[in-house]
Structures are given as C-alpha cells and as structure tokens.
Amino acid sequence: MAGGKLVCLRPYLACWDWIISSLLINYGVAELLAVFALARLRSAEMRAKRRYANLLEREQEARAEVEANAGAAETARLALERLNRTLKALNESNQALLHAGNEPALLEQVCKIVTQDCGHALVWIGFAEEDECKSVRPVAHAGFDEGYLKSLNITWDDTERGRGPTGTAVRTGQPCV
C-alpha cells in the first residue's frame, strides 16, 4: 500500500524518492500527505504574500501619481483663477473707459479695479517723461501708498534707478515682471 501511495506522490516529488521512502517508514502515508499539504499551503501563502506586497507597491505608486496629478490640478486651478481675475479687471476697465469723463479719473478708476479684482496691494500708473533725467511720473494709484511712490524716483534711463521693471518696460516696450 505504501508503494501505491508513493506512485501518487511521484509527480510532485519525483527526484526525492529516498526522502519520501524514509518519511513513509517513520511516519506513514497519512502523516506524509499532511506534510505535503502543509508545504503546498505554505507555498500558496508565500505566493499570496508576494502578490499582496506587489499590490501594496502598486497602490503606493498609484497614490503618488494621484498626488502628483492633484498638485498639477491645483496649480492649474490657481492659474485659472488668476486669469479669470485678470479678465474681470480688463472687462471692468473697458467699462470704465466707456464711461470716463476725463483721463485722470479713468486712470484712477483702472488702478482701483486692478487692486480690487486682482488683489494687488498697490497699483500705479506712470508716464515716461522725455526730460533730461528720463523720469517716470506717477499719475494715478490705488492701494497702500503712504508716500512710497514719491520716494521711488524711478527713471527709464539705463542707470541703476532705471533698470527695474518700470524702466526696463519703458525702454524695451515689453512688459517686465
């Protein structure tokens, strides 16, 4: 009877005949089958643990990707909000232009609109003068000032006082932020 059972186990452990024979002598067929069943269960358990670890790793990668996409989405959302505020300010400035009685009032109104809609602490408009110093004269402003504009003494000449964003924009004819 042991020989018949041994034949059934042979496909699983063909090269281990001598181990199986010695186990059969010491323990018997039922115990040997229980050992093999336990070995198969442990093997299945190890495969399941590897699959679980693989799934955890894939989950972490997916979470990282979702977080990266969420960061990109948040950046895009903030940029869209900023653009919408700018478009709103442009629209309201166009409306102010239609209803303006004079240039100084229009310039003041545009500064107020940009301060309110875009959230800037200070907005000002200056005219580039064609004088000897190539100065920039503030003509309108809105927001927190407290003498700040008077103390700037901005020029558009290619000197230290004229190399900031205002002077660069006047000299080049391009926006400078």
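Residues numbered from 1 in each chain as written. Predicted model: local features only at pLDDT ≥ 70, side-chain atom pairs only at ≥ 80, totals over all residues. Heavy atoms only, no water.

### Some points on the overall build of the protein chain
1) Next: Across its full length, the protein chain holds 6 helices and 2 strands.
2) Next: In the protein chain, the succession of α and β elements from N to C terminus is α-α-α-α-β-β-α-α.
3) Next: Relative to its full complement of 177 residues, the protein chain shows a buried share of 19%. (Helix = DSSP H or I, 4+ residues; strand = E, 2+ residues; numbered from the N terminus. Buried < 20%, exposed > 50% of the residue type's maximum accessible area, 1.4 Å probe, protein only.)

### A short note on the confidence of the model for the protein chain
1) Next: This prediction gives the protein chain a mean pLDDT of 83; 83% of its residues lie at or above 70.
2) Next: Per-element confidence in the protein chain is highest for helix α4 (residues 103–118), whose mean pLDDT is 94, and lowest for helix α1 (residues 2–9), whose mean pLDDT is 46. (pLDDT = per-residue confidence, 0-100.)

### Some points on the pattern of salt bridges
1) Next: In total, this model carries 7 salt bridges according to the counting rule given.
2) Next: Among the salt bridges present, the one from Arg-77 reaches Glu-81, with a minimum N-O distance of 2.3 Å. Linking Arg-77 with Glu-81, this pair stays in helix α3 (residues 29–99), spanning 4 residues, or about one helical turn.
3) Next: Residue class for Arg-77 comes out partly exposed when judged on its relative accessible area of 36%.
4) Next: A residue is classified by how much of its surface remains accessible, and Glu-81, at 33% relative accessible area, is partly exposed.
5) Next: Here Asp-158 makes a salt bridge to Arg-163, at a shortest N to O gap of 3.2 Å.
6) Next: Here Asp-158 falls in the partly exposed class, since its relative accessible area comes to 46%.
7) Next: Within this structure, Glu-74, Arg-77 and Glu-81 form a network of salt bridges that share partners. (Salt bridge = Lys/Arg side-chain N within 4 Å of Asp/Glu carboxyl O.)

### A closer look at the packing of aromatic side chains
1) Next: As enumerated under the stated definition, the model contains 0 aromatic pairs in all.
2) Next: In this structure, Lys-134 is placed above the aromatic ring of Trp-156, and the distance from its NZ or CZ to the ring centre is 4.9 Å. (Phe/Tyr/Trp six-rings, centres within 6.5 Å; stacked < 30°, edge-to-face > 60°. Lys NZ or Arg CZ within 6 Å of the ring centre and 35° of its normal.)

### Let's talk about the nonpolar core
1) Next: One finds Ala-89, Ala-96, Leu-106, Val-110, Ile-113 and Cys-118 forming the largest nonpolar core, which totals 6 residues.
2) Next: For this core, the secondary structure elements donating two or more residues are α3 and α4.
3) Next: At 4 residues, the largest contribution of residues to this core is made by α4.
4) Next: If we ignore the near neighbours within four places in the chain, the residues touching Leu-106 are Ala-96, Leu-97 and Ala-100. (Core = buried A, V, L, I, M, F, W, Y, C linked by side-chain atoms within 4.5 Å. Contact = heavy atoms within 4.5 Å.)

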